[in-house]
Amino acid sequence: MATTAAATGTVVLVDAALAPYEHPDLRWLVRKHVLAVLQDFPTLSPSVDTYTSDSGASTVLLNARGLLTVSSALPPVLLTLWLPREYPYLPPLAYVFPAAPSSASLSLAHDHPFVDHRTGRVRRTLPYLEDWAVPRSSLAGLVRSLVGALRMCHPLTPRFGSVVVHATTTTPMEEEQERMRTALLDELVSRLGRDTAAFRGHVDEDIHAMSSIQGSLRERADAMDRAVRDLEDERMRLERAVTASLSHRGKLLAWLHKTSSRVPDAGAAPPLVPHAAAGDAPRWLESKASELSVDDTVDALGHALEDGDLISLQEYIKRVKVLAREQFFHCHAASTSMSSKVNK
């Protein structure tokens, strides 16, 4: 219960400290990084303090501070990780100082490759800080990389005139065994840290790849749903058209059955047909066919005018006038041929 309450309090503290930070959509990632480094390094604890930069500007930032054990044979250091407002796009600000019990006899080395002896700030020459990138990098990965770097080159050195007193004395054989054990453990921890960082990097890459594939599949699913809906609408439209055609077909069949079964009256006049036996029948048929062809031509010109790209309105009116005149002459010729036969 106490552990759960402490974890809950830590989450509340971190969420409250991240409220003024930039990139609110990445606060979950910052919270994940902070909780992960506190879990991997229990000696660190979160807090909110005022950070003063080299230019003198002060900002309230979230930080994690505590003792960091580099090796069992080396003294611990006091580590402070400050999270800038632009985190995680900007790397954290790491500071290393001598721990309280040994601060009187130890100081930062002047020629350390990664730690500035004047301010205690970890330089960007540390490979992990130099290669910082989102989402591959994290606070826990930085601390592990810092442990490996400080194990190879410890930042603390005895102060001038101070003497480091060892409480116990060991034999040369025991010292050699301790050195070998420490070296093996350090190498194992370093390899585990590198493997874990590489594995996490691959996992993050896989997550991003899967997310992009998921987005593409969702777009394809939406497109397929739209296509299915369009096909369903087309199917319903065709069904309605078929139903209407069947209805018209039934009406036509009923009309044909009604007209074909009707018996003609004996006293009725024969239906009006062209005077096939007359000598002017070919002339009448030719004139009538020309008249009907003019109607078809006018209809075609009307469709072309509706399309808008095939013929203009002026051209349409001009051609219709010419065709109307021709149709008039064909109609007059047909009526003349029939009237001449009747007069005879």
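Since the model is a prediction, treat every value here as computed from it, not as a measurement. (Residues numbered from 1 in each chain as written. Predicted model: local features only at pLDDT ≥ 70, side-chain atom pairs only at ≥ 80, totals over all residues. Heavy atoms only, no water.)

## Description of the packing of aromatic side chains
- Taken as a whole and judged by the stated rule, the model has 6 aromatic pairs.
- With centroids separated by 5.9 Å and ring planes inclined at 50°, the aromatic side chains of Tyr 87 and Trp 132 adopt a geometry described as tilted. Of the two residues, Tyr 87 is situated in the loop between strand 3 (77-83) and strand 4 (93-98) and Trp 132 in the loop between helix 3 (127-130) and helix 4 (139-152); the sequence distance between them amounts to 45 residues.
- An angle of 75° between the planes, with centres 6.1 Å apart, marks the rings of Tyr 128 and Trp 132 as edge-to-face.
- Aromatic ring contacts, followed pair by pair, group Tyr 51, Trp 82, Tyr 95 and Phe 97 into a single cluster.
- Above the plane of the ring of Tyr 21 lies Arg 85, whose end atom (NZ or CZ) is 5.7 Å from the centre. (Phe/Tyr/Trp six-rings, centres within 6.5 Å; stacked < 30°, edge-to-face > 60°. Helix = DSSP H or I, 4+ residues; strand = E, 2+ residues; numbered from the N terminus. Lys NZ or Arg CZ within 6 Å of the ring centre and 35° of its normal.)

## Things to note about the sheet that holds strand 2 (residues 58-68)
- Taken in spatial order, the 4 strands make up an open sheet running 1-2-3-4, and their pairing is antiparallel. In this open sheet, the two strands that pair with only one neighbour each are strand 1 (44-52) and strand 4. For this sheet, the mean inter-axis angle between neighbouring strands, taken without regard to orientation, is 30°.
- Of the strand pairs in this sheet, strand 1 and strand 2 are connected by 9 bridges, and their pairing is antiparallel. From the neighbouring strand, Asp 49 faces strand 2, where its bridge partner is Leu 61.
- Contacts from helix 2 (residues 27-40) reach strand 1, strand 2 and strand 3 within the one sheet, and its direction differs from that of strand 1 by about 125°.
- Where helix 4 meets the sheet, its contacts fall on strand 2, strand 3 and strand 4, and the angle it forms with strand 3 comes to roughly 150°. (Pairing = 2+ DSSP bridges. Axes fitted to C-alpha atoms, helices over the stretch in contact; angles between N-to-C directions. Contact = heavy atoms within 4.5 Å.)

## What about the environment of Lys 288?
- Within the fold, Lys 288 resides in helix 6 (residues 281-307).
- With 43 residues separating them along the chain, Lys 288 and Cys 331 place their C-alpha atoms 6.8 Å apart.

## Looking at helix 2
- Its 14 residues place the ends of helix 2 20 Å apart at the C-alpha level, agreeing with the 20 Å of an ideal helix rising 1.5 Å per residue.
- Taken residue by residue, helix 2 has Leu 29, Val 30, His 33, Val 34, Val 37 and Leu 38 as its buried positions. (Expected span 1.5 Å × (residues − 1). Buried < 20%, exposed > 50% of the residue type's maximum accessible area, 1.4 Å probe, protein only.)

## Examining the pairing of strand 4
- The buried fraction of strand 4 amounts to 5 of the 6 residues, a majority that puts the element mostly inside the structure.
- Relative to strand 4, strand 3 runs antiparallel, the two sharing 6 bridges. Residue pairing for strand 4: Thr 80 is matched across the bridge by Tyr 95.

## A word on the side chain of Asp 116
- Among the secondary structure elements, Asp 116 is positioned in the loop between strand 5 (106-108) and helix 3.
- Side-chain polar atoms of Asp 116 contact the backbone nitrogen of Arg 118, separated by 3.1 Å.
- Asp 116 has contacts with Leu 108, Arg 121 and Arg 123, leaving out every residue within four places of it along the chain. (Polar contact = N/O pair within 3.5 Å; in protein donor to acceptor, adjacent residues only side chain to side chain.)

## Considering the environment of Arg 136
- Tracing the chain through its elements places Arg 136 in the loop between helix 3 and helix 4.
- Separated by 62 residues in sequence, Arg 136 and Ala 198 have C-alpha atoms that sit 8.9 Å apart.
- Setting aside residues up to four positions removed in sequence, Arg 136 forms contacts with Tyr 128, Asp 131, Gly 201 and Asp 204.
- Polar side-chain contacts of Arg 136 include one of 2.8 Å to the backbone oxygen of Asp 131.

## Comments concerning the pattern of salt bridges
- Summed over all chains, the structure comprises 11 salt bridges.
- Asp 116 is paired through a salt bridge with Arg 118; the nearest N and O atoms lie 3.3 Å apart.
- A residue is classified by how much of its surface remains accessible, and Asp 116, at 12% relative accessible area, is buried.
- Arg 118 sits in the exposed class, given a relative accessible area of 68%.
- By sharing partners, the salt bridges in this structure join Asp 40, Arg 144 and Arg 200 into a single network. (Salt bridge = Lys/Arg side-chain N within 4 Å of Asp/Glu carboxyl O.)

## Observations concerning the confidence of the model for the chain
- Here the chain shows a mean pLDDT of 79. Residues at 70 or above account for 83%.
- In this model, residues 161-168 is a region of pLDDT below 50 whose contacts with residues beyond four sequence positions or in other chains number 2 contacts.
- Low confidence marks residues 269-279, where pLDDT is under 50. Its contacts with residues over four positions away, or in another chain, come to 6 contacts. (pLDDT = per-residue confidence, 0-100.)

## Some details on the packing of helix 2 against helix 4
- Packing of helix 2 against helix 4 leaves a shortest axis separation of 7 Å and a crossing angle of 40°. By the angle between their directions, the pair helix 2 and helix 4 is classed as oblique. Residues His 33, Val 34, Val 37 and Asp 40 of helix 2 form the contact with helix 4, whose own contacting residues are Leu 139, Ala 140, Val 143 and Arg 144.
- Considered class by class, the residues forming the contact of helix 2 with helix 4 number 5 nonpolar, 1 polar and 2 charged. (Parallel < 35°, antiparallel > 145°, perpendicular 65-115°, else oblique. Nonpolar A, V, L, I, M, F, W, Y, C, P; charged D, E, K, R; others polar.)

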